[in-house]
Amino acid sequence: MSESDGIDDILERLRGGGADPRLEAMDEAVLAGLAAHRARRAARRGLALSGVAALGIGLASSLAMPPRASAESVPLLMAAPASAPSNLLLGVR
């Protein structure tokens, strides 16, 4: 019978003592954690979306570009440049 009295006394003290004050602030902490998790998930989603958009724009622009321009080859190594005064005056190309 002494075991039963001990348990009854413990339960009576728990009923009368009230809740632990740390439990009162627990719901705010849980809700704050959920809000932070949602914010991180939204930021990750935005980063992934911007990466996919950048990849798509880069791929589309590289496919839509005209072929590369190539420079004229100079037949002689020691040829006069096209902007030399003698070539400009004579109109040699």
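What counts as what
Residues numbered from 1 in each chain as written. Predicted model: local features only at pLDDT ≥ 70, side-chain atom pairs only at ≥ 80, totals over all residues. Heavy atoms only, no water. Helix = DSSP H or I, 4+ residues; strand = E, 2+ residues; numbered from the N terminus. Buried < 20%, exposed > 50% of the residue type's maximum accessible area, 1.4 Å probe, protein only. Areas by Shrake-Rupley, 256 points an atom, 1.4 Å probe, with all protein chains shown as cover. Patch = residues over 30% accessible without salt bridge, like charges linked within 9 Å, V, L, I, M, F, W, Y side chains within 5 Å. Salt bridge = Lys/Arg side-chain N within 4 Å of Asp/Glu carboxyl O. Lys, Arg positive; Asp, Glu negative; His and termini not counted. Charge placed at Lys NZ, Arg CZ, Asp CG, Glu CD. pLDDT = per-residue confidence, 0-100.

**Student:** Help me understand the overall build of the protein in this model?
**Tutor:** Broken down by element type, the protein carries 4 helices and 0 strands. The order of helices and strands in the protein, counted from the N terminus, is α-α-α-α. With 93 residues in all, the protein has 2% of them scored as buried. Of the accessible surface of the protein, which amounts to about 8,900 Å², a share of 66% is contributed by carbon and sulfur atoms.

**Student:** It is not clear to me how a nonpolar patch on the surface should be interpreted in this structure. Could you clarify?
**Tutor:** Taken together, the side chains of Leu-23, Met-26, Val-30, Leu-31 and Leu-34 define a hydrophobic patch exposed on the protein surface, amounting to about 470 Å² of accessible area. Among the elements that take part in the nonpolar patch, helix α3 (residues 26-64) stands out by supplying 4 residues, more than any other.

**Student:** Teacher, can you tell me more about a positive patch on the surface here?
**Tutor:** Together, Arg-38, Arg-40, Arg-41, Arg-44 and Arg-45 line one region of the surface with positive charge. Relative to the helices and strands, Arg-45 is located in helix α3. Given a relative accessible area of 53%, Arg-45 falls into the exposed group.

**Student:** Help me understand the pattern of salt bridges in this model?
**Tutor:** Here the structure, examined in full by the defined rule, presents 1 salt bridge. Ionic pairing is found between Arg-15 and Glu-12, a salt bridge with its closest N-O pair at 2.7 Å. With Arg-15 and Glu-12 both in helix α1 (residues 2-17), this residue pair falls 3 residues apart, about one helical turn. Judged by its relative accessible area of 45%, Glu-12 falls in the partly exposed class.

**Student:** How do you make sense of the confidence of the model for the protein when you look at a structure like this?
**Tutor:** Low pLDDT marks stretches whose predicted atomic positions should not be read closely. Residue-level pLDDT values for the protein average 81, and 82% of them are 70 or greater. Averaged pLDDT values over the elements of the protein bottom out at 72 in helix α4 (residues 85-90) and peak at 94 in α3.

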